Amino acid sequence: MQILNNISELLQKGKAKDVKVLIQEALDKGIIPNDILNEGLIAGMSIIGEKFKNNEVYVPEVLIAARAMNAGLEVLKPALKKSGVEPIGRAIICTVKGDLHDIGKNLVKMMIEGQGIECIDLGVDASGSNIVDAIIKYNPQIVCLSALLTTTMMAQKDIILAITKAGLRDKVKIMVGGAPVTQDFAQQIGADLYSPDAASAATLARSLYK
Ligand code: B1M
């Protein structure tokens, strides 16, 4: 669809304001929010990701595209959320220690919220002790850990160990994800759940309450 291609292109150019306007336009036209997300925002970010990998664009371009992505997500968020539903449970979500990538984490959060699960967002660079404190404070059923770097994947394991050491392991299900994370790795580090993308993360989280 042309409008979704335009969103993707504007995102790649980092035009945050224009992305927001076009997303609103797409919503007003009745385009399904998930399509706007996948075929507009994620499609654009994937192209930037490929270009970044091939040294065709550099960190500043990626950063302004990421800013446009987050701006677009803000407009899309209410439409992605289910309206007026009481939360069925609570999750904690973060990007792990040493890792500042938050776009995927924000998407997972949004999708999980869309399933009627309240999400406490601890942001990026979260340590084991941050999470242990948050489990004690918020009493969630699920802890969601995102890692985007091969160098920070192991922080997921450190956090699981910290939760176990604090005697809280039986209180929560732990879901891990992020581009370098696999089902095998999730099993190796003792996570309960693994999901490759935001939509299945949300479905998986929801299934815990059935
Ligand atoms: Co960075 N970066 N980055 N980066 N960056 C990657 C990840 C990289 C693959 C790029 C590359 O080289 N091709 C590479 C990692 C290589 C590796 O580890 N093997 C990389 C690198 C090296 C770095 C730096 C080290 C670069 C440097 O400084 N030299 C640096 C590290 C900073 C740090 O974290 N300490 C860095 C910095 C940055 C920016 C700040 C410029 C920016 C982040 C901005 C931000 O997030 N606010 C950035 C970006 C944007 C990227 C790419 C281009 C895009 C990531 C993204 O947002 N994707 C990325 C290349 C790429 O992915 N192609 C790259 C879109 C997002 C929707 O996807 O986050 O994968 P993703 O989330 C998906 C799934 O993974 C899953 O669901 C999401 C959607 O369905 N998912 C989960 C994510 N979390 C989940 C949790 C779950 C379940 C599913 O359960 C809990």
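Our structure's up above, just so we're on the same page.
Note that this is a predicted model, so its numbers are computed, not measured.

Student: Before we go on, may I ask you to explain the coordination of the cobalt atom of the ligand in this structure?
Tutor: Each pair of donors in an ideal octahedron of six around a metal sits at 90 or 180 degrees, and each pair in an ideal tetrahedron of four sits at 109.5 degrees. No other protein atom reaches the cobalt atom of the ligand as a donor apart from H101 (NE2), found 2.2 Å away. Of note, H101 is situated in the loop between β1 (89–95) and α5 (103–114).

Student: Would you mind showing me how to read the pattern of salt bridges here?
Tutor: When the charged atoms of two side chains with opposite charge come close together, those side chains can pair. Counted under the stated rule, the structure contains five salt bridges. Between R90 and E118 there is a salt bridge, with its nearest N and O atoms 3.0 Å apart. With R90 in strand β1 and E118 in strand β2 (residues 117–121), this pair connects stretches of sequence that are 28 residues apart. Judged by its relative accessible area of 27%, R90 falls in the partly exposed class. A residue is classified by how much of its surface remains accessible, and E118, at 31% relative accessible area, is partly exposed. In this structure, the salt-bridge partner of D192 is R169, at a minimum N-O distance of 2.9 Å. Of this pair, D192 sits in the loop between α8 (183–188) and β5 (193–194) while R169 sits in the loop between α7 (153–165) and β4 (173–177), placing them 23 residues apart in sequence.

Student: Please clarify how the site of the ligand should be interpreted in this entry.
Tutor: Lining the immediate surroundings of the ligand are 33 residues, of which L100, H101, D102, S146 and T150 lie closest. In the environment of the ligand, a nitrogen atom lies 2.7 Å from a nitrogen or oxygen atom belonging to the side chain of D102. Backbone polar atom of A198 to an oxygen atom of the ligand: 2.9 Å apart, as the coordinates give it. Put simply, the ligand lies in the largest pocket. Those elements giving two or more residues to the shell around the ligand turn out to be α3 (33–53), α4 (59–80), α5, β3 (142–146), β4 and α9 (198–207). Partitioning the shell around the ligand into residue classes produces 20 nonpolar, nine polar and four charged. Each of domain 1 (2–82) and domain 2 (89–207) gives at least three residues to the shell around the ligand.

Parameters and conventions
Residues numbered from 1 in each chain as written. Predicted model: local features only at pLDDT ≥ 70, side-chain atom pairs only at ≥ 80, totals over all residues. Heavy atoms only, no water. Donors = N, O, S within 2.8 Å, 3.2 Å for Na, K, Ca; no water. Helix = DSSP H or I, 4+ residues; strand = E, 2+ residues; numbered from the N terminus. Salt bridge = Lys/Arg side-chain N within 4 Å of Asp/Glu carboxyl O. Buried < 20%, exposed > 50% of the residue type's maximum accessible area, 1.4 Å probe, protein only. Near = heavy atom within 4 Å. Polar contact = N/O pair within 3.5 Å; in protein donor to acceptor, adjacent residues only side chain to side chain. 1 Å grid on protein atoms, 1.4 Å probe; cavity = no way out; pocket = protein on both sides within 12 Å on 5 of 7 lines; lining within 4 Å. Sits in = over half its atoms within 2 Å of the grid points. Nonpolar A, V, L, I, M, F, W, Y, C, P; charged D, E, K, R; others polar. Domains from an automatic or database assignment.

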